[in-house]
Amino acid sequence: MSLNHESVLLSESLQYLNIKPSGIYVDGTLGGAGHTSAIAQQLGEEGLIIGIDRDEVAIQEASKKMKGLNLSCRYEIIHDEFANIKHILNELSEPLVDGILLDLGVSSFQLDEGSRGFSYMQNASLDMRMDQRQSFNASDVVNQYSEEKLHQIIKEYGEEKWAKRVASFIVESRQRAPVETSFELVEIIKNAIPAKARREGPHPAKRTFQAIRMEVNQELQQIKSLLMTAIDHLKPGGRLCVISFHSLEDRMVKSAYKEFQKDCVCPVEFPECKCQQKQQIKIITRKPIVSGEGELAHNPRARSAKLRVAEKI
Ligand SMILES: C[S@@+](CC[C@H](N)C(=O)[O-])C[C@H]1O[C@@H](n2cnc3c(N)ncnc32)[C@H](O)[C@@H]1O
């Protein structure tokens, strides 16, 4: 299988990472190695790129791609989740790096590979795991979660207006028999959403599938953990670049950057600082960087991409 994933905001990421030929960079979302290989090509013999992915297929295909390039730099490919960055960098004896990139969400190859169950366009058993070593999958969410919990994730992660009905239709259906396939789930969602609403906007199952995928892979929790540790692993002047596709992800990145940029937060009437908080980063992008018209014209995935960059001080 080839990974025909088209990298989003590629030149912008390279520019904002401020790549130094001898620098050390981490791509926490290796995928098809699009960003990783482009970073690697700007590195010299001293440079190192570390690519992390929790998907075994991405690891295999990205390794092949990197081997096929005539690179002068060193590279490491790590099968793990990016939330483990601290452990990964310590194991590599490279605790401090010059830049960290995240290009969140799923790859085209994960969506295109029907058997993975990510797509509402292809019939497969309910799976949606990015990491095949994990046992918890989409079937567990759909068949085990309480109606209330289903409602909450479909509403919050999927931003689905009809979340309450979708959750209730899922529960009603699974009382008759477990929901086993993506097409069964699509049918339930279609029945839950009134015909008029179904005719407007994207595929009616898109939002619910996204919500279940985010829950199965604990995507927001992963980002939160990464944001809590990444800054500690940047050298002064090192940059954190995060490309997100979901408003909750973007909000999380934006507010973490704001928090890390704050210096003392003591009330003004305090004669001296008691909070000990020190500014750790400088926000480089006041507004998120979005794709230009050229990219938007040929890469539909770019439509919701937002890149936010911070620099360690
Ligand atoms: C959008 S793709 C990255 C594409 C890549 N930038 C490229 O240009 O080829 C996202 C990748 O990140 C991986 N991923 C998502 N969340 C992850 C996590 N928490 N830890 C490690 N890998 C993750 C997915 O498995 C997927 O392969």
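Calculation criteria
Residues numbered from 1 in each chain as written. Predicted model: local features only at pLDDT ≥ 70, side-chain atom pairs only at ≥ 80, totals over all residues. Heavy atoms only, no water. Helix = DSSP H or I, 4+ residues; strand = E, 2+ residues; numbered from the N terminus. Rg over C-alpha atoms; globule rule 2.2 N^0.38 Å. Buried < 20%, exposed > 50% of the residue type's maximum accessible area, 1.4 Å probe, protein only. Contact = heavy atoms within 4.5 Å. Areas by Shrake-Rupley, 256 points an atom, 1.4 Å probe, with all protein chains shown as cover. Lys, Arg positive; Asp, Glu negative; His and termini not counted. Charge placed at Lys NZ, Arg CZ, Asp CG, Glu CD. Pairing = 2+ DSSP bridges. Right-handed = clockwise from strand over helix to strand, strands pointing away. UniProt positions renumbered as here; feature names shortened; annotations may be inferred. Disulfide = S-S within 2.5 Å. Domains from an automatic or database assignment. Buried area = accessible area lost by both parts, 1.4 Å probe. Salt bridge = Lys/Arg side-chain N within 4 Å of Asp/Glu carboxyl O. Near = heavy atom within 4 Å. Polar contact = N/O pair within 3.5 Å; in protein donor to acceptor, adjacent residues only side chain to side chain. Phe/Tyr/Trp six-rings, centres within 6.5 Å; stacked < 30°, edge-to-face > 60°.

Asks: Sorry if this is basic, but what is going on with the overall build of the protein chain here?
Replies: Along the protein chain, the regular secondary structure elements total 14 helices and seven strands. Relative to its length of 313 residues, the protein chain is compact, with a C-alpha radius of gyration of 21 Å against a globular reference of 20 Å. Taking the principal axes of its C-alpha atoms as reference, the protein chain extends roughly 60 × 60 × 40 Å. Sorting the 313 residues of the protein chain into buried and exposed places 53% on the buried side. A fraction of 71% describes how many contacts in the protein chain between residues 6 or more apart in sequence connect residues 24 or more apart. Split by element, the accessible area of the protein chain, about 15,200 Å² in all, is 49% carbon and sulfur. Counting 41 positive and 43 negative side-chain charges, the protein chain places the centres of these two groups 6 Å from one another.

Asks: How should I be thinking about the pairing of strand E2 (residues 48–53) in this particular structure?
Replies: Of all six residues making up E2, six are buried, and the element is well covered by its neighbours. Where burial is concerned, the two faces of E2 agree: the one with Leu48, Ile50 and Ile52 and the one with Ile49, Gly51 and Asp53 are both buried. With four bridges joining them, strand E1 (residues 24–27) and E2 adopt parallel strand pairing. The residue bridging Asp27 from the neighbouring strand is Gly51, located in E2. Where E2 meets strand E3 (residues 74–79), six bridges bridge the pair, whose relative direction is parallel. Residue pairing for E3: Gly51 is matched across the bridge by Ile77. After leaving E2, the chain enters helix H3 (residues 56–67) and then returns to the sheet as E3, a path that is right-handed.

Asks: Looking at this structure, how should I read the UniProt feature "binding site: S-adenosyl-L-methionine" (unreviewed entry) in the protein chain?
Replies: Per the UniProt record, the feature "binding site: S-adenosyl-L-methionine" (unreviewed entry) sits at Ala33, Gly34, His35, Asp53, Phe82, Asp103 and Gln110. Non-local contacts of His35, meaning those with residues more than four positions away in its chain, are made with Ser7, Val8, Leu9, Leu10, Ser13, Asp27, Leu101, Asp103 and Ile243. Its place among the elements puts Phe82 in the loop between E3 and helix H4 (85–91). Exposure remark for Phe82: the relative accessible area of 11% places this residue in the buried category. Not counting the four nearest positions on each side in its chain, Phe82 is found in contact with Gly28, Thr29, Ile52, Leu102, Leu104, Gln222, Ile223 and Leu226.

Asks: Before we go on, may I ask you to explain the state of the cysteines in this structure?
Replies: Disulfide: a covalent bond formed between the sulfur atoms of two cysteine residues. One pass over the structure, following the stated rule, counts zero disulfides. The closest cysteine sulfur to the non-disulfide-bonded Cys241 is located on Cys73, 18 Å from its own sulfur. You can call Cys241 buried: its relative accessible area is 0%. The thiol sulfur of Cys273 is not disulfide-bonded, and the nearest other cysteine sulfur, from Cys264, lies at 3.8 Å.

Asks: Before we go on, may I ask you to explain the environment of Ser107 in this structure?
Replies: In this fold, Ser107 is placed in the loop between strand E4 (97–103) and helix H5 (108–112). We classify Ser107 as buried; its relative accessible area is 7%. Along the chain, Ser107 and Gly32 lie 75 residues apart, while their C-alpha atoms are 7.7 Å from each other. Those residues within four positions of Ser107 in sequence are excluded, and the remaining contacts are His5, Gly31 and Gly32.

Asks: I'm lost on the domain arrangement of the protein chain in this one. Help?
Replies: Note: interface size is frequently given as the accessible area lost on complex formation between the parts. In terms of domains, the protein chain is made up of domain 1 (10–109 + 219–312) and domain 2 (133–216). Domain 1 and domain 2 are separated by 31 Å when their C-alpha centres are compared. Together domain 1 and domain 2 conceal approximately 830 Å² of surface at their shared face, both sides included; 44% is due to carbon and sulfur atoms. Broken down residue by residue, the surface that domain 1 buries against domain 2 is led by His79, Glu219 and His246, which jointly contribute 50%. Between domain 1 and domain 2 we count one salt bridge in total.

Asks: Please explain the site of the ligand as it appears in this structure.
Replies: For the ligand, the set of nearby residues contains 25 residues, the closest of which are Ser7, His35, Asp53, Asp103 and Gln222. Contact distances for the ligand include 3.4 Å between an oxygen atom and a backbone N or O atom of Ala33. Here an oxygen atom of the ligand sits 3.0 Å away from a polar atom, N or O, in the main chain of Gly34. Burial of the ligand by the protein amounts to 99% of the accessible area it has alone, namely 600 Å².

Asks: What is the right way to look at the environment of Lys262 in this model?
Replies: Following the sequence through the fold, Lys262 ends up in the loop between helix H13 (247–261) and strand E6 (281–283). In sequence terms Lys262 and Gln277 are 15 residues apart; their C-alpha atoms lie 7.5 Å from each other. Leave out the neighbours within four places in its chain, and Lys262 touches Gln277, Lys278 and Gln279.

Asks: Quick question: what am I supposed to make of the packing of aromatic side chains here?
Replies: Two aromatic rings, taken as a pair, are described by how far apart their centres are and by the angle between their planes. Here the structure, examined in full by the defined rule, presents two aromatic pairs. Relative to Phe209, the ring of Tyr120 lies with its centre 5.8 Å away and its plane at 85°, an arrangement referred to as edge-to-face. Taken as a pair, Tyr120 in the loop between H5 and helix H6 (138–144) and Phe209 in helix H11 (residues 206–216) lie far apart in primary sequence, 89 residues in all.

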